[in-house]
Amino acid sequence: MVQHVKSRGNMAYISVIGAGECDQRTYEMAYQVGREAGWRGAIVVCGGLGGVMDGAARGAREVGGLAVGILPGENRLGSSSYLQVALPTGLGQARNTLVVLAGDAVIAVGGEFGTLSEIGLALKFGKPVVGIETWLLDKETPVADPIIRAKDAAEAVEKALALIRKGP
């Protein structure tokens, strides 16, 4: 029996972000994040395409979790076949804002510049970001890297859910 984690009275939503094209190792990490989140009852939100997004959706779906994709185009063409909900936006990369806002927490797996933009948006909106082998943010000020680091999928999901339970 899956125990669902509640977030402020609702189901917990975890946005999983990362590159649309990635190597097998990164795909496997995203898959494990999706499995772990889905198994724990969190709803997995992603950009709905390939790579990390496909891996996370596949992992969630295979354990009976719900995978939601917020797509950049005006239709569902090219979306991950593992999504249960695929939402076309017609917004292109601007849909990154919706991906970030849909989650109570964000888990970044690897990533390219689109992932970096989503990390920046998440931090701007005050969303906790947990990262697995993702960007290192550093400024020329004494501000520490705001990304919470995790060594694997289980640790990333556990940290994200703990931050969701803690609330803002």
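Above this text you will find the structure in question.
Just so we're clear, the structure is a prediction, and the values are computed from it rather than from any experiment.

A.B. asks: So what exactly am I meant to see when it comes to the nonpolar core here?
C.D. replies: Proteins that are soluble and globular tend to have nonpolar side chains buried together. Residues Ile14, Val16, Val33, Ile107 and Val109 are the most contacted members of the largest nonpolar core, which totals 31 residues. Among the elements that take part in this core, helix α5 (residues 153-166) stands out by supplying six residues, more than any other. Beyond its immediate chain neighbours, meaning those up to four positions away, Val16 contacts Val33, Val44, Val45, Cys46, Val52, Ala56, Ile107 and Val109. With 13 residues, the next largest nonpolar core counts Ile17, Ala108, Ala122 and Val129 among its residues.

A.B. asks: Just checking my understanding: could you explain the sheet that holds strand β7 (residues 105-109) for this structure?
C.D. replies: Whenever strands of a sheet pair, they do so through backbone hydrogen bonds, lying parallel or antiparallel. Taking strand neighbours across the sheet as the criterion, the seven strands line up as β6-β5-β4-β3-β7-β8-β9 in an open arrangement whose pairing is parallel. The outermost strands of the open sheet, each flanked by one partner alone, are β6 (85-88) and β9 (148-149). As paired elements, strand β5 (residues 67-71) and β6 share four bridges and run parallel to each other. Looking at the pairing, Leu71 lines up with Pro88 of β6.

A.B. asks: Can you walk me through helix α4 (residues 113-124) in this structure?
C.D. replies: Because an α-helix completes one turn every 3.6 residues, residues spaced three or four positions apart along the sequence face the same direction. Under the 1.5 Å per step criterion, the end-to-end length of α4 is 16 Å for 12 residues, consistent within 8% with the ideal 16 Å. Every buried residue belonging to α4 is among Thr115, Glu118, Ile119 and Ala122, and all of these are buried. Along α4, the residues classed as buried sweep out an arc of 105 degrees about the axis, all on the same side. Facing away from the buried side of α4 by over 90 degrees, the exposed positions are Phe113 and Lys124. On its buried side, α4 packs onto β3 (13-17), α3 (96-102), β7 and β8 (129-132). Backbone geometry just after α4 places Gly126 at a positive phi near 80 degrees.

A.B. asks: Is there a simple way to explain helix α2 (residues 52-62) in this structure?
C.D. replies: The buried count for α2 comes to eight of 11 residues, which makes it a mostly enclosed element. Listing the buried residues of α2 in full gives Val52, Met53, Asp54, Gly55, Ala56, Ala57, Gly59 and Ala60. Looking at the packing, one finds that the buried side of α2 touches β3, α1 (24-39), β4 (43-46), β5 and β7. Residue Gly64 follows α2 closely and has a positive phi angle near 85 degrees.

Definitions and limits used
Per chain, residues are indexed from 1 in the order of the written sequence. Local features in a predicted model are, by the rule used here, given only for residues with pLDDT of at least 70; side-chain atom pairs are given and counted only at 80 or more, and totals for whole chains, interfaces and linings are based on all residues. As a rule here, side-chain values cover all heavy atoms of the structure and leave hydrogens and water aside. Throughout this description, the term nonpolar core refers to a set of buried Ala, Val, Leu, Ile, Met, Phe, Trp, Tyr and Cys residues connected via side-chain atoms within 4.5 Å. For each residue, the accessible area found with a 1.4 Å probe, counting protein chains only, is set against the maximum for its type, and the residue is called buried under 20%, exposed over 50%, and partly exposed in between. Helix and strand definitions here come from DSSP, where helices need a minimum of 4 consecutive H or I residues and strands a minimum of 2 consecutive E residues; each element is numbered from the N-terminal end. Pairs of residues are marked as contacts when any of their non-hydrogen atoms sit within 4.5 Å. A pair of strands is considered paired only if DSSP assigns at least 2 bridges between the two. In a helix, the anticipated span is given by 1.5 Å times the number of residues less one. The arc refers to the directions leading from the helix axis to the C-beta atoms.

None of this, on its own, says anything about what the molecule does.
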